[in-house]
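Spelled out from the first residue to the last, the chains are:
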Amino acid sequence: MGRTFSLASYGRAAAGAISLALLFASMQARAQEQTPAVTPAADAQAQKATPTAAAPAPDAQTQKSAPPAAVGPPVRDIRVRGTQRIEPGTVLSYISIRPGDPYDEQAVDRSLKALFATGLFADVKINWDGSVLTINVVENPIINRIVFEGESKVTEKDLTKEVQLKPRQVFTRAKVQGDVQRIIELYRRNGKFAATVDPEIIQRPQNRVDLIFSINEGPTTGVARISFIGNKVFDDATLKGQIATEESAWWKFLSSNDNYDPDRLTFDREQLRRFYLKNGYADFRVVSAVAELSPDRRDFYITFTVDEGPLYKFGKITINSKIRELYPASLRPLVPIVPGRTYNAELIDKSIDALTNAAGTKGFAFAEIHPRIARNRAKRTIDVQFDIDQGPRVYIEKINITGNARTLDKVIRREFRLVEGDAFNRVLVDRSRTRIRSLGFFKDVDIKPSQGSQPDRTVLNVNVTEQSTGELQLGVGYSSTSSFVGQFSYTERNLFGRGQFLRASLSASSISKEAVLSFTEPYFMDRPLSAGFDISKIIVDFDQADYRSDTDAISLRLGFPTSEYGSVGVNYTYRIDTVNPFSGAPPAIQLAAGTETTSGIGYTYAYNTLDDPLKPRHGITFSFSQLFAGFGGSLKYLRTQSTFSYRQPVLWDQFVASLTVHAGYITGYGGQHVRLNERFFEGGDTFRGFEVAGIGPRELNVGRGSALGGETFAIGTFDLRLPDLLPADYGVTTSLFTDFGTLGHIASQPGLETCGRAPRLAPCIVDDMAFRASAGIAIGWKSPFGPLEVDLGVPLAKTSYDKSQIIRFSAGTGF
């Protein structure tokens with residue numbers, strides 16, 4: 001172990017590093033120097049009576065046959081030598097002999113062992129000169145700090161968690177050797193089987209030491225080959241796709257599973273078992289999983305020996321309910337098992353979940369579902385009976401919340417569907433977890449029940465992991481006709497830890513300049529009533545429509561829940577809009593020139609059953625909103641919009657498909673027409689493959705073909721989220737999409753002529769409600785600098801006057 005550690009290595013003014021063996025040798029030398037001189041006779045007697053730590057303890061038989069130790073003269077005094085930090089009284093408290101007691105060799109031996117057992121001393125010697133008992137100790141040093149050298153594969157943070165020794169603890173050789181083994185085991189779990197660890201120390205004043213773990217990681221031990229023996233139904237390639245461990249290859253530089261890990265190998269055995277049980281092989285077992293290290297210690301050869309067994313099918317499926325209110329006939333449609341189909345163990349788990357949720361929604365939160373499986377080896381069928389019993393009633397004694405260093409407790413508690421004293425309900429606990437995650441304040445939410453003070457009491461332990469809720473956003477977009485555009489905004493979704501929402505946005509681009517201030521209090525006056533306001537100043541140079549608009553607006557909002565999944569919001573909006581057409585703008589644009597005011601009252605109904613707000617896999621969302629303008633102001637119109645979305649896992653639950661439909665309609669009343677800037681303009685992020693306002697009615701034969709917007713639109717999006725191609729820690733998501741729909745219908749008004757009626761080459765409006773479609777791929781990355789997203793969309797169906805946009809790019813950063 002002895003590598004000399006030079007002074008320059010650490011830039012310290014202390015002596016260099018020495019090995020552990022030299023440390024203890026120096027301690028013992030100092031102890032000998034502190035041992036008082038005695039007469040030859042007394043020294044001989046002391047050597048005869050002095051026990052040492054290396055002396056073997058007599059076995060039980062020897063103790064039984066040995067005569068009782070002779071009682072010596074009384075101990076006149078006990079002296080302690082060599083202590084530095086430890087008080088002599090502390091040393092005396094561990095020994096079993098006192099001044100005045102007769103000298104007893106067995107008592108001295110017990111005292112010696114007791115002092116060593118404390119772990120406080122590197123060496124202990126007890127000398128007896130006939131009247132005085134002298135205890136010479138060498139204290140173990142105190143660890144000043146712990147340093148790791150040579151680590152790269154494993155971070156210093158992970159190493160610090162792994163070792164048990166900490167600064168300001170007592171240094172012992174046994175603990176150091178234990179930590180060396182822990183570090184080596186940690187490296188083995190990361191594929192470094194050739195790693196070595198050399199512990200060294202640097203002595204400091206006041207009996208302190210710096211502990212250095214010098215690490216030589218060595219080469220990464222990969223997996224050269226994975227083989228299977230005994231598999232007849234599924235080939236090696238199929239089985240390799242079911243396990244986590246991968247064979248090493250040069251192109252897998254981003255993979256973290258191409259090395260040997262004993263824990264991962266155990267996981268792989270379970271993955272193989274699940275795969276075969278899912279495909280009907282109920283008798284499958286992994287006979288052995290052997291990992292052999294190559295002679296050069298660079299690669300492992302892993303071999304799985306399996307016994308597949310016969311293929312089974314489902315037989316008779318029955319439900320036996322001991323709860324009178326739960327009828328088997330009504331529960332049977334919830335069980336996704338069809339007799340005669342191939343046996344699938346996952347369907348049994350899904351059936352248990354479905355029956356448990358059904359019982360919970362009907363008020364039987366303590367129902368217990370026990371599947372009983374009867375295997376018929378002759379017919380190769382498996383009968384399944386689900387027994388439903390009423391379990392013992394358990395009540396929530398307490399709800400403990402941890403991990404919320406910033407967020408107030410009440411922000412989390414008000415999302416719970418349960419309170420202390422309520423009966424435990426798994427369905428409501430899961431719903432509470434979903435609601436807490438929906439806040440967007442936490443990276444992870446974990447709710448675990450534990451035993452309470454009584455058998456019928458449980459404690460809910462809620463552990464949350466907070467994430468950054470402030471966002472500094474930088475958005476960038478690219479168009480084939482315009483150029484790059486940018487946006488800067490600050491958003492705080494959890495202001496002062498109270499759950500309040502604040503957003504201040506400033507944006508500037510070739511299209512618009514915008515300043516927005518929004519605030520929302522989700523629990524106004526500590527009631528489930530949200531309240532907020534929006535103030536905005538927006539100047540838009542709408543090149544696609546040949547006009548500039550200047551809008552000042554203020555909006556007041558209130559919202560309240562109507563059910564567990566539904567909510568209603570009402571709002572009042574007052575706006576002042578000024579439209580200035582560009583020079584040479586066509587007549588259809590010139591009609592909107594001037595300043596108008598809007599005073600309107602609106603409402604929104606929303607319904608949301610998504611299972612996860614961050615990465616949903618199934619559920620629906622629906623919203624319906626209307627704005628009535630005409631309660632004061634100069635404009636009168638009715639705007640209606642609705643959105644529906646449905647998500648569902650498909651293709652072996654590896655992909656998530658979603659269908660979204662968004663539609664809107666606006667119409668004027670009281671003899672008024674819909675003003676240009678009130679119409680719908682679609683494209684860009686609302687219809688990928690086309691630029692902003694790239695679809696819909698246009699004025700042709702004048703200028704560059706100004707976009708006029710539409711009063712009716714319907715756009716659908718089909719999205720297929722692909723499985724993660726890289727480890728989830730990289731935060732890369734990929735999805736395929738197709739957008740399709742239409743935009744159009746401008747009510748006729750004086751000065752607006754359609755191209756079918758206008759003279760040839762005269763300014764006219766094309767408004768044909770043509771169908772458009774696009775398809776592409778969307779890639780998102782939660783990078784260290786913030787979220788990045790790239791949309792690549794190609795128009796599949798378009799008109800000659802539409803404006804396409806192939807690539808859109810956005811980037812941001814959070815804090």
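Worth saying up front: this structure is predicted, and the values here are computed from it rather than measured. Along each chain, residues carry numbers from 1 onward, in the same order as the chain's sequence is written. In view of the model being predicted, local features appear only for residues whose pLDDT reaches at least 70, and side-chain atom pairs are presented and counted only at 80 or more, with totals across whole chains, interfaces and linings using the full set of residues. Calculation of side-chain values draws on the structure's entire complement of heavy atoms; hydrogens and water are dropped beforehand.

Peer 1: Teacher, can you tell me more about the overall build of the protein here?
Peer 2: Counting secondary structure elements, the protein contains 14 helices and 36 strands. Here the term buried applies to any residue with accessible area under 20% of the maximum for its type, exposed to any over 50%, and partly exposed to those in between, with areas from a 1.4 Å probe on protein chains only. Residues counted as buried form 41% of the 815 residues belonging to the protein. Contact definition: two residues touch when any of their heavy atoms are within 4.5 Å. Contacts spanning at least 24 positions in sequence make up 60% of the contacts within the protein whose residues lie at least 6 apart. Residue exposure ignores everything except the shown protein chains as possible cover, and the areas themselves are Shrake-Rupley values with a 1.4 Å probe. A total accessible area of about 41600 Å² is found for the protein, and carbon and sulfur atoms account for 56% of it. Each helix is a run of DSSP H or I of at least 4 residues and each strand a run of E of at least 2, with the numbering of both proceeding from the N terminus.

Peer 1: Could you clarify how one ought to interpret the sheet that holds strand E16 (residues 457-466) in this entry?
Peer 2: Where strands meet in a sheet, backbone hydrogen bonds hold them as pairs that are either parallel or antiparallel. Should DSSP find at least two bridges between two strands, the strands are taken to pair. Overall, mixed pairing links the 3 strands, which are arranged E14-E16-E15 in an open sheet. Each having just a single partner strand, strand E14 (395-402) and strand E15 (442-451) make up the two edges of the open sheet. Strand-to-strand, the axes of this sheet are offset by a mean angle of 20 degrees, without reference to chain direction. Strand contacts of helix H13 (residues 426-438): E15 and E16, with the helix running at about 155 degrees to E15, the strand carrying the most contacts. Axis angles are defined between N-to-C directions and span 0 to 180 degrees, where every axis is a line fitted to C-alpha atoms and, for a helix, only to the segment in contact.

Peer 1: Looking at this structure, how should I read the side chain of Asp 389?
Peer 2: The topology assignment puts Asp 389 in strand E13 (residues 381-390). Apart from the residues within four sequence positions on either side, Asp 389 is in contact with Lys 322, Ile 323, Phe 366, Ala 367, Glu 368 and His 370.

Peer 1: Could you clarify how one ought to interpret helix H7 (residues 173-189) in this entry?
Peer 2: Given 3.6 residues to a turn, an α-helix orients residues that are three or four positions apart in the same direction. Multiplying 1.5 Å by the residue count of a helix minus one yields the expected span of that helix. Spanning 17 residues, H7 covers 25 Å between terminal C-alpha atoms, matching the ideal 24 Å at 1.5 Å per step. Gly 191 lies just past H7 and shows a positive phi near 85 degrees.

Peer 1: Quick question: what am I supposed to make of the nonpolar core here?
Peer 2: The nonpolar side chains of a soluble globular protein tend to be buried with one another. Residue types Ala, Val, Leu, Ile, Met, Phe, Trp, Tyr and Cys, when buried and joined through side-chain atoms within 4.5 Å, form a set referred to as a nonpolar core. In this structure, Phe 314, Ile 337, Tyr 343, Ile 348, Phe 386 and Ile 388 are the most contacted members of the largest nonpolar core, which totals 26 residues. Those elements that place two or more of their residues in this core are strand E11 (313-321), helix H11 (345-361), strand E12 (367-376) and E13. Counting residues in hydrophobic clusters, the runner-up holds 21 residues, among them Phe 171, Ile 184, Val 197 and Leu 211.

Peer 1: What exactly am I supposed to notice about the pattern of salt bridges here?
Peer 2: Opposite charge on two side chains permits pairing when their charged atoms draw close. Throughout this description, the term salt bridge denotes a Lys or Arg side-chain nitrogen within 4 Å of a carboxyl oxygen of Asp or Glu. Tallying each qualifying case throughout the model produces 32 salt bridges. Across the salt bridge formed by Arg 79 and Asp 77, the nearest N and O atoms sit 3.3 Å from each other. Here Asp 577 ties to Arg 575 by a salt bridge, and the two come within 3.1 Å at their closest N and O atoms. When its relative accessible area of 2% is taken as the criterion, Asp 577 is described as buried. By relative accessible area, which is 16% here, Arg 575 ends up buried. Residues participating in the shared-partner salt-bridge network are Glu 415, Arg 417, Arg 431, Arg 435 and Glu 564.

Peer 1: Is there a simple way to think about the sheet that holds strand E32 (residues 764-766) in this case?
Peer 2: The strand order across the open sheet built from 3 strands is E29-E28-E32, with neighbouring strands paired in antiparallel fashion. Two strands lie at the open edges of the sheet, namely strand E29 (706-707) and E32, each paired on one side alone. Judged from the 2 bridges that link them, strand E28 (residues 698-700) and E29 form a sheet pairing that is antiparallel. Within E29, the position partnered with Glu 699 by the bridge is Ser 706.

Peer 1: So what exactly am I meant to see when it comes to unusual backbone geometry here?
Peer 2: Only a minority of non-glycine residues have a phi that is not negative, and only a minority of peptide bonds are not trans. In this structure, Arg 380 is a non-glycine residue whose phi angle is positive, near 55 degrees. Here Arg 380 shows up in the loop between E12 and E13.

Peer 1: What am I meant to see in the packing of aromatic side chains here?
Peer 2: Remark: the centre distance and the inter-plane angle together describe each pair of aromatic rings, the angle taken between the planes. The criterion for an aromatic pair is that two Phe, Tyr or Trp rings (for Trp, the six-membered ring) have centres within 6.5 Å, with stacked assigned to planes under 30 degrees apart, edge-to-face to planes over 60 apart and tilted to the rest. For the structure shown, the criterion picks out 19 aromatic pairs. The interplanar angle of 35 degrees and the centroid separation of 6.0 Å between the aromatic rings of Phe 519 and Phe 533 together place this pair among those described as tilted. Taken together, the residues span a long stretch of sequence, with Phe 519 in strand E20 (residues 512-521) and Phe 533 in strand E21 (residues 530-542) at a distance of 14 residues. On the basis of relative accessible area, Phe 533 is assigned to the partly exposed category, the value being 29%. Here Phe 542 and Phe 681 contribute two aromatic rings whose centre-to-centre distance is 5.0 Å and whose plane-to-plane angle is 55 degrees, an arrangement assigned as tilted. One end of the pair, Phe 542, is in strand E21; the other, Phe 681, is in the loop between strand E27 (655-668) and E28, and 139 residues separate them in sequence. Taken together through their ring pairs, the aromatic side chains of Phe 234, Phe 275, Tyr 276, Tyr 281 and Phe 284 make up a single cluster. Either the NZ atom of lysine or the CZ atom of arginine qualifies as a charge over a ring when it sits within 6 Å of the ring centre and within 35 degrees of the ring normal. Just above the ring of Tyr 312 sits the side chain of Arg 375; from NZ or CZ to the centre is 5.7 Å. In this structure, Arg 688 is placed above the aromatic ring of Phe 737, and the distance from its NZ or CZ to the ring centre is 3.7 Å.

Peer 1: Got a minute to help me understand the layout of surface pockets in this structure?
Peer 2: Which parts of space are left empty comes out when a probe the size of a water molecule is rolled across the atoms. Here a cavity denotes a set of grid points, spaced 1 Å apart and computed over the protein atoms alone, in which a 1.4 Å probe fits but from which it cannot get out, and a pocket denotes an open set meeting protein on both sides within 12 Å along at least five of seven lines; residues with an atom within 4 Å of a point are reported as lining. Grid points are joined across faces, edges and corners, and a volume is the space filled by probe spheres set on the points. Quantified by volume, the second largest pocket comes out at close to 790 Å³. As for the second largest pocket, its lining consists of 18 residues, and the residues nearest its centre are Asn 357, Asp 430, Tyr 565, Asp 611 and His 618. When contributions to the lining of the second largest pocket are tallied by element, the ones reaching two or more residues are H11, H13 and strand E26 (637-650). Among the elements that make up the lining of the second largest pocket, the one with the highest residue count is H13 (6 residues).

Peer 1: Mind showing me how you'd approach the pairing of strand E9 (residues 285-293) here?
Peer 2: For a regular strand, side-chain orientation follows a simple rule: the groups alternate between the two sheet faces. Two strands pair when backbone bridges link them, and E9 and strand E10 (residues 299-307) are joined in this way by 8 bridges, in the antiparallel orientation. When the sheet's bridge partners are listed, Ser 288 is paired in E10 with Thr 305. Hairpin remark: E9 followed by E10, antiparallel, with 5 residues in the connecting loop; positive phi at Arg 297, about 60 degrees.

Peer 1: Please clarify how helix H5 (residues 105-117) should be interpreted in this entry.
Peer 2: With 13 residues, H5 should reach 18 Å at 1.5 Å per residue; the first-to-last C-alpha distance of 18 Å fits that figure. For H5, the set of buried residues is Ala 107, Val 108, Ser 111, Leu 112 and Leu 115. Looking down the long axis of H5, one finds its buried residues gathered within 140 degrees of arc, a one-sided arrangement. The N-cap residue of H5 is Asp 104: its side-chain oxygen and the backbone nitrogen of Gln 106 are 3.0 Å apart. Following H5 by one or two positions, Gly 119 has its phi on the positive side, about 75 degrees. Taken from the helix axis, the directions to the C-beta atoms give the arc we talk about. Polar contacts here mean pairs of N or O atoms no more than 3.5 Å apart (in protein, one a potential hydrogen donor and the other a potential acceptor; neighbouring residues in sequence count only if both atoms are side-chain atoms).

Peer 1: Would you take a moment to explain the environment of Thr 160 for this structure?
Peer 2: Tracing the backbone shows Thr 160 in helix H6 (residues 156-162). Remark: the alpha-carbon pair of Thr 160 and Ile 183, spanning 23 residues in sequence, is separated by 9.6 Å. Apart from the residues lying within four places of it in its own chain, the contact partners of Thr 160 are Phe 148 and Lys 166.

Peer 1: Can you walk me through a nonpolar patch on the surface in this structure?
Peer 2: Residues Leu 517, Ile 535, Ile 554, Leu 556, Tyr 572, Tyr 574, Ile 576, Ile 601, Phe 628 and Phe 631 make up a contiguous nonpolar surface patch of about 830 Å² in total accessible area. Mapped onto the nonpolar patch, the elements with two or more residues apiece are strand E22 (547-561), strand E23 (566-581) and strand E25 (619-633). Structurally, Ile 554 is set in strand E22. Exposure above 30% relative accessible area and the absence of a salt bridge qualify a residue for a patch, where like charges join within 9 Å and nonpolar side chains (Val, Leu, Ile, Met, Phe, Trp, Tyr) within 5 Å.

Peer 1: Help me understand the environment of Thr 266, please; the structure alone is not making it clear to me.
Peer 2: Along the chain, Thr 266 falls in helix H9 (residues 262-278). The spacing of Thr 266 and Ala 289 is 23 residues in sequence and 8.4 Å in space, taken between C-alpha atoms.

Peer 1: What should I look at first to understand the side chain of Thr 172 in this one?
Peer 2: The topology assignment puts Thr 172 in the loop between H6 and H7. From its side chain, Thr 172 meets the backbone nitrogen of Lys 175 in a polar contact 3.3 Å long. Contacts of Thr 172, omitting those with residues within four sequence positions, involve Gly 119 and Asn 140.

Peer 1: How should the environment of Tyr 605 be read in this particular structure?
Peer 2: With respect to the helices, strands and loops of the structure, Tyr 605 is situated in strand E24 (residues 594-608). Other than its neighbours up to four places away in sequence, Tyr 605 contacts Thr 562, Gly 566, Ser 567, Val 568, Phe 622, Ser 623 and Phe 624.

Peer 1: Would you take a moment to explain the confidence of the model for the protein for this structure?
Peer 2: Interpreting fine coordinate detail is not advised for predicted regions of low pLDDT. Here pLDDT means the predictor's own confidence in every residue, given as a number from 0 to 100. Averaged over every residue, the pLDDT of the protein is 83; the share at 70 or more is 85%. Note on residues 1-67: pLDDT under 50 across the span, and 97 contacts to partners over four residues away in sequence or across chains. Under a pLDDT of 50 for its full length, residues 477-482 has, in the predicted model, 13 contacts with residues more than four places off or in other chains.

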